[in-house]
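Each chain is listed here by its residues.
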Amino acid sequence: MSGKLRIPVLTAVLALLLLPLAAPAQAAQRPVVELSASQAGTGGSVTVSGTGWRPRTLLMLLICGRATPGRGVIGGTNSCANGDGRAVTTDAHGGFSRKLPVTEPPVPCPCVVHVATVTGARADADAAFQVAGHAVEPLPAEPATGRLAVLSDTRLDGSSGVLTWFGAPPSRTLVFTVGNLGSTAVRDPVFQVGSAHGVFAPQWDEQQWRGTLAPGKKAQIKLPVELAAGAHGDYTVSLRYGGKVLAEQPWGVGRPWGVTLFWILLCLVVPAALFRAGLAVVDRVRPRRAGGVRHRGLPRPPFRLPRPALRAPGPRAPAAGPAATPTLPWFTPHSGPGTAGRLSAPHDDSPTSPTTPTTKGPT
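Here's what I pulled together on the structure shown here.

As for the overall build of the chain
1) Next: For the chain, the count of helices and strands is three helices and 20 strands.
2) Next: Here the chain holds 363 residues, and the buried ones make up 27% of them.
3) Next: In the chain, once contacts between residues fewer than 6 apart in sequence are set aside, the share between residues at least 24 apart is 67%.
4) Next: Entry remark: accessible area of the chain is about 25,600 Å², with carbon and sulfur atoms responsible for 60%.

Considerations on the state of the cysteines
1) Next: Scanning the model with the defined rule gives two disulfides in all.
2) Next: For C64, the disulfide goes to C80, at an S-S distance of 1.9 Å. For the disulfide bridge between C64 and C80, the dihedral angle about the S-S bond is near 95°, and by the sign convention the bridge is right-handed. Residue C64 is found in strand β4 (residues 58–64), and its partner C80 is found in the loop between β6 (72–73) and β7 (86–89); the two are separated by 16 residues along the sequence. In terms of burial, C64 and C80 fall into one category: buried.
3) Next: Between the sulfur atoms of C109 and its disulfide partner C111 the distance amounts to 1.9 Å. Between C109 and C111, the disulfide has an S-S torsion of -90° and is therefore left-handed. Each member of the pair, C109 as well as C111, is classed as buried.
4) Next: Take the cysteines of the chain that form disulfides and number them in order along the sequence; they join up as 1-2, 3-4.

Side note on the environment of R56
1) Next: Note on placement: R56 falls in the loop between β3 (45–51) and β4.
2) Next: Relative accessible area serves as the criterion here: at 61%, R56 is assigned to the exposed category.
3) Next: Counting along the chain gives 33 residues from R56 to T89, while the straight-line C-alpha distance between them is 5.9 Å.
4) Next: The contact partners of R56, leaving out residues within four places of it in the chain, are T89, T90, D91 and A92.

Notes on the packing of aromatic side chains
The description of an aromatic ring pair rests on the distance of the ring centres and on the angle between the ring planes.
1) Next: In total, this model carries four aromatic pairs according to the counting rule given.
2) Next: When the centroid spacing of 6.3 Å and the interplanar angle of 70° are considered together, the rings of W53 and F96 count as edge-to-face. One end of the pair, W53, is in the loop between β3 and β4; the other, F96, is in strand β8 (residues 96–101), with 43 residues separating them in the sequence. Accessibility assignment for this pair places W53 and F96 in one class, buried.
3) Next: Judged by centre distance (5.3 Å) and plane angle (45°), the ring pair of F191 and Y241 falls under tilted. Highlighted residues: F191 in strand β15 (residues 190–197) and Y241 in strand β19 (residues 233–241), separated in sequence by 50 residues. The two residues F191 and Y241 agree in class, both being buried.
4) Next: Cluster of aromatic residues (ring-pair linked, three or more members): F176, F191 and Y241.
5) Next: R240 extends its terminal NZ or CZ atom over the ring of W204, reaching a point 4.0 Å from the ring centre.

Re the side chain of T177
1) Next: Secondary-structure assignment places T177 in strand β13 (residues 171–180).
2) Next: On the basis of relative accessibility, which here comes to 17%, the residue T177 falls in the buried class.
3) Next: Among the polar contacts made by the side chain of T177, one reaches the side chain of S152 at a distance of 3.3 Å.
4) Next: When neighbours within four sequence positions are excluded, T177 is seen to be in contact with A149, V150, L151, S152, K218, A219 and Q220.

Concerning the sheet that holds β19
1) Next: Sheet architecture is open: four strands sit in the order β16-β15-β19-β20, paired in antiparallel fashion. A single partner strand is all that each edge strand has here, and the edge strands are β16 (203–208) and β20 (244–253). Ignoring which end each strand starts from, the neighbouring axes of this sheet average 25° apart.
2) Next: As defined by bridge partners, β15 adjoins β16 across six bridges and the pair is classed as antiparallel. Bridge pairing in β16 links F191 to Q207.

Side note on the pattern of salt bridges
1) Next: According to the stated counting rule, one finds four salt bridges in the structure shown.
2) Next: Its salt-bridge partner being D157, residue R155 comes within 3.1 Å of it at the nearest N-O pair.
3) Next: Residue D157 is classed as partly exposed on the basis of its relative accessible area of 29%.
4) Next: Linking R210 and D188 is a salt bridge whose minimum nitrogen-to-oxygen distance equals 3.8 Å. On the criterion of sequence distance, the pair formed by R210 in the loop between β16 and β17 (212–213) and D188 in the loop between β14 (186–187) and β15 is long-range, its members being 22 residues apart.
5) Next: By relative accessible area, R210 is classed as exposed at 61%.
6) Next: Take D188: its relative accessible area is 30%, and that puts it in the partly exposed class.

Some points on the nonpolar core
1) Next: One finds F176, F191, L239 and W251 to be the most contacted residues of the largest nonpolar core, which totals 23 residues.
2) Next: Taken together, the elements giving at least two residues each to this core come down to β13, β15, β18 (218–226), β19 and β20.
3) Next: Apart from residues no more than four positions distant in its own chain, F176 is found in contact with S152, T154, F191, A219, Q220, I221, L223 and L239.
4) Next: One finds V33, C109, A127 and F129 within the second-largest nonpolar core, a separate group that totals 21 residues.

Procedures and definitions
- Residues numbered from 1 in each chain as written.
- Predicted model: local features only at pLDDT ≥ 70, side-chain atom pairs only at ≥ 80, totals over all residues.
- Heavy atoms only, no water.
- Helix = DSSP H or I, 4+ residues; strand = E, 2+ residues; numbered from the N terminus.
- Buried < 20%, exposed > 50% of the residue type's maximum accessible area, 1.4 Å probe, protein only.
- Contact = heavy atoms within 4.5 Å.
- Areas by Shrake-Rupley, 256 points an atom, 1.4 Å probe, with all protein chains shown as cover.
- Disulfide = S-S within 2.5 Å.
- Phe/Tyr/Trp six-rings, centres within 6.5 Å; stacked < 30°, edge-to-face > 60°.
- Lys NZ or Arg CZ within 6 Å of the ring centre and 35° of its normal.
- Polar contact = N/O pair within 3.5 Å; in protein donor to acceptor, adjacent residues only side chain to side chain.
- Pairing = 2+ DSSP bridges.
- Axes fitted to C-alpha atoms, helices over the stretch in contact; angles between N-to-C directions.
- Salt bridge = Lys/Arg side-chain N within 4 Å of Asp/Glu carboxyl O.
- Core = buried A, V, L, I, M, F, W, Y, C linked by side-chain atoms within 4.5 Å.

Structure (structure tokens):
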């Protein structure tokens, strides 16, 4: 093969090898939001479209004030027109298109159209938008403590023990990696970790991480998470810093079956104990029998073997009377062969029966 043909062949082979790697890179890109118009007045509408989202995912579309695509929504959803938001579900390719009515947010602009996931892993995106006629004020100064962002997926480490099976509080460790995107160092940041069950709002708990994070640096942070005793079901653990939710992690907590087993045993043991106690009370208060003596609780007489009668030594006299009953090991007393005739009632063995008439003549 000549050198001129070798280079195109190698280029084609490299392209085929890098083609499978290019698809995941495109799938891992951040979701994108586009607007049909950058400005509209109250009462109008704007078409919001997006790509790069997870397929078949429910999204919420809101117009928020005091926000920019770079800094996000300051103040969270309290800065958005929540009453006029719209929901949309992405298609099989992760895209969507939905009309959104234009409404003035509760705070001044600059404004954005904020799109965020409702279920599953958290993802959001903002697109700059101007509400015509709405007040515009400069954003508050960025805090000098820096700006933290989650750089990796969060996870919950740990497992439930035997005590959790009997109703002890479930506990895990929230592990995530954050990076300092600001221009100043962050020292001992205070995070807020919350847990929510179902549709209820999370209960936030402040936890401080000891350390210093320089600008452009990242660090792995581990924070403990604990639920109430006997908690079970589907929970969502949220991480918030500076008033902004950074990440959310689902947590499925199993039912404490040990508590259920305890109540089942209690429902069986208590009635059985009450039944036994009732029998003991009835046995004590019931009236005595006619003899005046209870059979229960009386001591049994001692068992004694009969002693043979002592006789004076001398010549043995012949036994008078019927022959002695044979004592065989397989016969019980009074059941030997010689006593078979004794089973009937006693009668006279004389040849003459008293009922037989006799003829007496002269002698």
